[in-house]
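Given next are the chains, with one letter for each unit.
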Amino acid sequence: MERRNTQTKEAVLEVLSQSGKALSREAIEKKITTGINRATVYRVLNRFCEDGVLHKVVADNGKQYFAICTNCEDKVLAGHHFHFRCLSCETIECLPVPVDFSPPEGYQVSGLNCMVTGTCSDCTV
Ligand SMILES: [Zn+2]
Ligand SMILES: [Zn+2]
Ligand SMILES: [Zn+2]
């Protein structure tokens, strides 16, 4: 069990770092070729999010995606950078652009979702 966990963890990280984009759980499962089990992938993804290895991105279409954390030191505002959804190739990626946001007095923020849609640099060429 522990062994399968480790293998799945490595596979998930490899898929995400190779793609360089945020991927849905279905897409991650599809790209992992070695025998894995869906329940394990699900657990590994949630575990990675708790540990600050990955963060969840909820797109404007309601779907969830997972991205590798690079500059996510602010755990509360895990979505403190912009995400970009390309309408042409349907990919989602983290943009290295910080969100300059502070709530008005009296508001406690537990989540922040900054989704930009348009055409990504790969598709603009
Ligand atoms: Zn993150
Ligand atoms: Zn694109
Ligand atoms: Zn991100």
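Preceding block: the structure.
1. Re the environment of A59
Mapped onto the elements, A59 comes out in the loop between β1 (54–58) and β2 (64–68). Placed 66 residues apart in sequence, A59 and V125 show a C-alpha to C-alpha distance of 24 Å.

2. Digging into the side chain of T8
Here T8 lies in helix α1 (residues 2–19). Non-local contacts of T8, meaning those with residues more than four positions away in its chain, are made with I36, T40, V41 and V44.

3. Overview of the nonpolar core
Within the largest apolar cluster, 13 residues are counted, with the highest numbers of intra-cluster contacts made by V12, L16, I28, I32, L45 and L54. Secondary structure elements with two or more residues in this core: α1 and α3 (38–50). Contact partners of L45, with chain neighbours within four places excluded, come to V12, R25, I28, L54 and F66. Counting six residues, the second largest nonpolar core, distinct from the first, contains A22, A59, Y65 and I92.

4. A word on the coordination of the zinc ion (ligand 2)
Around the zinc ion (ligand 2), the protein contributes the donor atoms C86 (SG), C89 (SG), C120 (SG) and C123 (SG), which lie 2.3 Å from the metal centre. Spacing between the donor residues of the zinc ion (ligand 2) along their common chain follows C-x2-C-x30-C-x2-C. Of this pair, C86 sits in strand β3 (residues 81–86) while C123 sits in helix α4 (residues 121–124), placing them 37 residues apart in sequence.

5. A look at the pattern of salt bridges
For the coordinates displayed, the defined rule picks out six salt bridges. Note that D122 is salt-bridged to K21, the shortest N-O span being 3.6 Å. Taken together, the residues D122 in helix α4 and K21 in the loop between α1 and α2 (25–31) connect sequence positions 101 residues apart. The exposure class assigned to D122 is exposed, which follows from its relative accessible area of 57%. With a relative accessible area of 18%, K21 lands in the buried category. Residue E29 pairs with R38 through a salt bridge whose shortest N-O separation is 3.1 Å. Exposure remark for E29: the relative accessible area of 10% places this residue in the buried category. Owing to a relative accessible area of 58%, R38 belongs among the exposed residues under this scheme.

What counts and how
Residues numbered from 1 in each chain as written. Chains lettered and ligands numbered in written order. Predicted model: local features only at pLDDT ≥ 70, side-chain atom pairs only at ≥ 80, totals over all residues. Heavy atoms only, no water. Helix = DSSP H or I, 4+ residues; strand = E, 2+ residues; numbered from the N terminus. Contact = heavy atoms within 4.5 Å. Core = buried A, V, L, I, M, F, W, Y, C linked by side-chain atoms within 4.5 Å. Buried < 20%, exposed > 50% of the residue type's maximum accessible area, 1.4 Å probe, protein only. Donors = N, O, S within 2.8 Å, 3.2 Å for Na, K, Ca; no water. Salt bridge = Lys/Arg side-chain N within 4 Å of Asp/Glu carboxyl O.

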